[in-house]
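Breakdown of the fold
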Amino acid sequence: MIPLFVIGINHESATVDLRERVTFAPETMVSALQQLVNETPAEEAAILSTCNRTELYISGEVSEAGYSIDQQLLQESLFAWFAKFHQLSLSQLSDCFYAYEGDIAVTHMMKVACGLDSMVLGEPQILGQMKSSYAVAQEAAVLGSELHSVFQKVFSVAKQVRTDTAIGRNPVSIAYAAVNLAQRIFSDLKQDTALLIGAGETIDLVARHLKEQGIHKILFANRTLERAQKLADEFSAKAILLADIPDYLAEADIVISSTASQLPILGKGAVESALKQRKHKPIFMVDIAVPRDIEPEVSSLDDVYLYTVDDLRDVIDENKQSREAAAAEASLIVDDCVADYLKERRARHSIAAIKSYRQYAEQLRDEVLQKALRDLDNGLQAEQVVRQMAKSLTNKLLHNPTQQLKQAGEEGQHELLMLSQQLLGFPEIKIPEQHDFSSAHLEEKSVNKKIRSKK
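Conventions used here
- All chains use their own residue numbering, which begins from 1 and follows the written sequence.
- In keeping with the predicted nature of the model, local features appear solely for residues at pLDDT of at least 70, side-chain atom pairs appear and are counted solely at 80 or more, and the whole-chain, interface and lining totals rest on all residues.
- Side-chain descriptors were evaluated using all non-hydrogen atoms of the structure, hydrogens and water having been removed beforehand.
- For the purposes of this entry, the term helix denotes a DSSP run of H or I that reaches at least four residues, the term strand denotes a run of E that reaches at least two, and both are numbered from the N terminus.
- Whether a residue is buried, partly exposed or exposed follows from its accessible area with a 1.4 Å probe, protein chains only, as a fraction of its type maximum: under 20%, in between, or over 50%, in that order.
- Working rule for contacts: check all heavy atoms of both residues, and any pair within 4.5 Å makes them a contact.
- Shrake-Rupley sampling with a 1.4 Å probe provides the accessible areas, and residues are treated as covered by the protein chains on show and by no other component.
- Axis geometry follows a simple rule: fit a line to the C-alpha atoms, using only the stretch in contact for helices, then measure angles between N-to-C directions, giving values from 0 to 180 degrees.
- Should an angle lie under 35 degrees it is considered roughly parallel, over 145 roughly antiparallel, and from 65 to 115 roughly perpendicular; all remaining angles are considered oblique.
- The hand of a helix crossing depends on one turn: near helix anticlockwise from the far one by less than a right angle means left-handed, and clockwise means right-handed.
- Salt bridges are defined as contacts in which a side-chain nitrogen from Lys or Arg sits within 4 Å of a carboxyl oxygen from Asp or Glu.
- Any two rings among Phe, Tyr and Trp, with Trp reduced to its six-membered ring, count as a pair given centres within 6.5 Å; such a pair is stacked if its planes are under 30 degrees apart, edge-to-face if over 60, and tilted if neither.
- Here, a charge over a ring means that NZ of Lys or CZ of Arg falls within 6 Å of the ring centre while also lying within 35 degrees of the ring normal.
- For two strands to be treated as a pair, DSSP must find at least two bridges joining them.
- We call a crossover right-handed when, viewed with the strands running away from us, the connection from the first strand over the helix to the second turns clockwise.

Along its length, the chain carries 16 helices and 10 strands. The buried share among the 455 residues of the chain stands at 44%. Intrachain contacts of the chain at a sequence separation of at least 6 include 69% that bridge at least 24 residues. When the accessible surface of the chain is split by element, carbon and sulfur atoms take 50% of a total near 24700 Å².

This part takes up the packing of helix α6 (residues 125-139) against helix α7 (residues 145-164). Close contact between α6 and α7 brings their axes to 11 Å; oriented N to C, the two are set at 160°. Between α6 and α7, the angle falls in the class roughly antiparallel. Here the hand of the crossing between α6 and α7 comes out left-handed. Across the interface between the two elements, L127, M130, K131, S133 and Y134 from α6 touch H148, F151, Q152, V154, F155 and A158 from α7.

So, about the pattern of salt bridges. If you walk through the whole model with that rule in mind, you get 16 salt bridges. Overlapping salt bridges bring together D17, E20 and R292 as one network.

On to the packing of aromatic side chains, then. As enumerated under the stated definition, the model contains 14 aromatic pairs in all. Ring pairing ties together the aromatic residues F24, F79, W81, F82, F85 and F97, which thus form one cluster. When the ring centre of F155 is taken as reference, the NZ or CZ atom of K131 above it lies at 5.9 Å.

A word on the pairing of strand β7 (residues 238-241). Where strand β6 (residues 217-222) lies against β7, 4 bridges are found, and the strand directions are parallel. Bridging from a neighbouring strand, N222 pairs with L241 of β7. Assessed by its sense of winding, the connection that carries the chain from β6 through helix α10 (residues 225-235) to β7 is right-handed.

It is generally the case that most residues other than glycine have a negative phi and that most peptide bonds are trans. Omega for the bond connecting V290 with P291 falls within 30 degrees of zero, at 0°, which places this linkage in the cis form. Inspection of the secondary structure puts P291 in the loop between β9 (283-287) and β10 (304-308). Its identity as a non-glycine residue notwithstanding, Q87 has a phi of 55°, on the positive side. Structurally, Q87 can be placed in the loop between α3 (67-85) and α4 (90-93). At K279, a residue that is not glycine, the phi angle is positive and equals roughly 55°. Within the secondary structure layout, K279 lies in the loop between α12 (268-277) and β9. You can call K279 exposed: its relative accessible area is 74%.

The structure is reproduced here in structure tokens:
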């Protein structure tokens with residue numbers, strides 16, 4: 001297998017306008033994964049698609065063309081597939097892509113899962129999103145042993161970081177940042193109504209933060225009423241369908257949206273109508289979704305404060321310092337775990353050789369044992385049979401190593417002789433220094449000898 005390979009874009013490399021164009025909708029993820037392995041050299045694949053990043057995790061077979069060529073071809077084919085799938089040109093994406101392979105790719109995945117590469121340092125939601133990425137890859141039957149082992153190690157590291165450091169103990173997240181920003185505009189949330197669009201984990205967190213700040217009323221809007229009602233019951237709120245939003249929008253002082261919709265939920269016209277009913281009392285809006293749920297044109301309306309995930313960066317940066325010390329500890333844990341994983345991976349690659357050698361030794365043993373049993377049946381003395389069996393087995397086991405050691409000595413491969421001592425475990429011997437017996441060297445020695453004799 002080639003090393004793990006990662007390509008992607010994130011909040012550091014691309015704007016929200018581009019990120020929303022390269023997301024993978026949940027309902028298309030399985031087919032996208034199957035296309036990916038069918039149309040590129042990838043043998044195994046997983047896709048992580050969130051509001052802040054879209055990444056492909058790949059592993060595949062090394063072909064006869066050679067290792068370095070394979071890597072280059074794989075990278076180019078992945079870039080081309082990615083652009084084609086999202087109906088974009090490579091020129092639109094080339095400056096935003098990043099690519100990692102081998103141990104650097106493993107390190108990157110671990111840092112992503114631990115929240116060390118997130119816009120909100122240490123945010124916990126990303127681990128759940130990676131677990132979902134793993135589960136969908138399993139469902140699509142494109143997850144093999146290589147990616148499986150990587151993901152298991154990644155999940156283990158993330159759990160250790162959460163347990164052993166304080167990186168997740170302070171409430172710093174996209175949800176927290178959105179509520180924090182709302183508090184700056186509405187100093188007291190106890191008189192305000194919040195309309196939360198969506199029913200996922202982020203909206204759940206937003207609702208919890210709003211409740212902690214004493215929000216007066218919450219409305220949950222979702223495509224299916226059942227999920228919205230479940231949240232509404234938990235937070236003593238009201239559940240509505242997405243189609244009912246225009247009827248309730250005028251009540252909302254705060255609108256926070258985070259759905260997986262591929263098209264906007266709220267348009268400029270609906271917001272204009274709500275503002276008229278509110279007599280132009282301001283509405284604070286945060287669009288956390290990528291692709292965006294609220295049409296960008298809404299920001300041009302007076303009395304509307306519309307923010308996207310990128311606008312939350314300043315709020316997030318203020319809370320970042322509290323987690324930086326914990327992040328440094330987490331990075332050390334990640335480095336140690338990467339080293340452990342690579343060691344385990346190298347060990348797995350030796351299993352085939354060990355198994356083959358054991359089978360070879362057991363075959364020799366069985367041959368010698370069968371002969372010994374025949375000798376006993378023929379009436380030979382047991383002591384004689386045992387001695388002959390031990391001698392025969394020893395000779396058979398030593399034959400090939402002995403021949404190779406002899407050849408190494410003849411060819412002056414002293415390093416191989418030294419390694420054989422370590423591999424085979426026999427007592428260390430002193431290997432004579434290598435002498436130069438070339439004709440030029442012998443001629444030089446002869447001349448020097450004649451000079452000394454004349455003196």
